[in-house]
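The primary structure of each chain is shown beneath.
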Amino acid sequence: MSEQDQAAQEQAASGSAAVLRGLDKVNGRTVDAEIPVGGSAEILGLIVTLGECRYPADNPTGDAYAFLTVRSPANGEVFFEGWMIASSPALNALDHNRYDVWVIRCKSE
């Protein structure tokens, strides 16, 4: 079995919450927020909902990935919906002219 096959078969554990970081690109202000799975929070000027947060079962401090929905508080317009990976935030990134949001880690308790 190749290393890629072994990596693909690693078990993922589900976290109870995620720590996210938001950036206001205009003034450089950052803010961290902890959101429970199924919950929402306002991060800067966006409403962020966490659907799920997963991490490697054998390495809780390893690479986290979270399913996020990011929308406007004014009209509910969805700016982003999908999986975001902590180690590669640009792989599937929020496309917003002023704000950026990315995953820092999952919390297991």
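A few points on the structure. Quick caveat: nothing in here was measured; it's all calculated off a predicted structure.

Pairing is antiparallel in the open sheet, where three strands are placed in the order E3-E2-E8. Strands at the two margins of the open sheet, each flanked by one partner only, are strand E3 (30-36) and strand E8 (99-107). Adjacent strand axes in the sheet meet at a mean angle of 25 degrees, parallel and antiparallel pairs treated alike. As paired strands, strand E2 (residues 17-24) and E3 are joined by seven bridges and run antiparallel to one another. Note that in E3 the partner of Val19 across the bridge is Glu34.

Membership of the largest hydrophobic core comes to 25 residues, with the highest contact counts inside it found for Leu20, Ile35, Ile43, Val48, Leu50, Leu68 and Val103. Sorting the residues of this core by element identifies E2, E3, strand E4 (40-43), strand E5 (46-56), strand E6 (65-71), strand E7 (78-85) and E8 as the ones contributing at least two each. Per-element accounting of this core gives the leading share, five residues, to E5. Leaving out residues up to four positions away in the same chain, Val103 has contacts with Val19, Leu20, Ala64, Ala66, Leu68, Met84 and Ala86.

Analysis parameters
- Residues numbered from 1 in each chain as written.
- Predicted model: local features only at pLDDT ≥ 70, side-chain atom pairs only at ≥ 80, totals over all residues.
- Heavy atoms only, no water.
- Pairing = 2+ DSSP bridges.
- Helix = DSSP H or I, 4+ residues; strand = E, 2+ residues; numbered from the N terminus.
- Axes fitted to C-alpha atoms, helices over the stretch in contact; angles between N-to-C directions.
- Core = buried A, V, L, I, M, F, W, Y, C linked by side-chain atoms within 4.5 Å.
- Buried < 20%, exposed > 50% of the residue type's maximum accessible area, 1.4 Å probe, protein only.
- Contact = heavy atoms within 4.5 Å.

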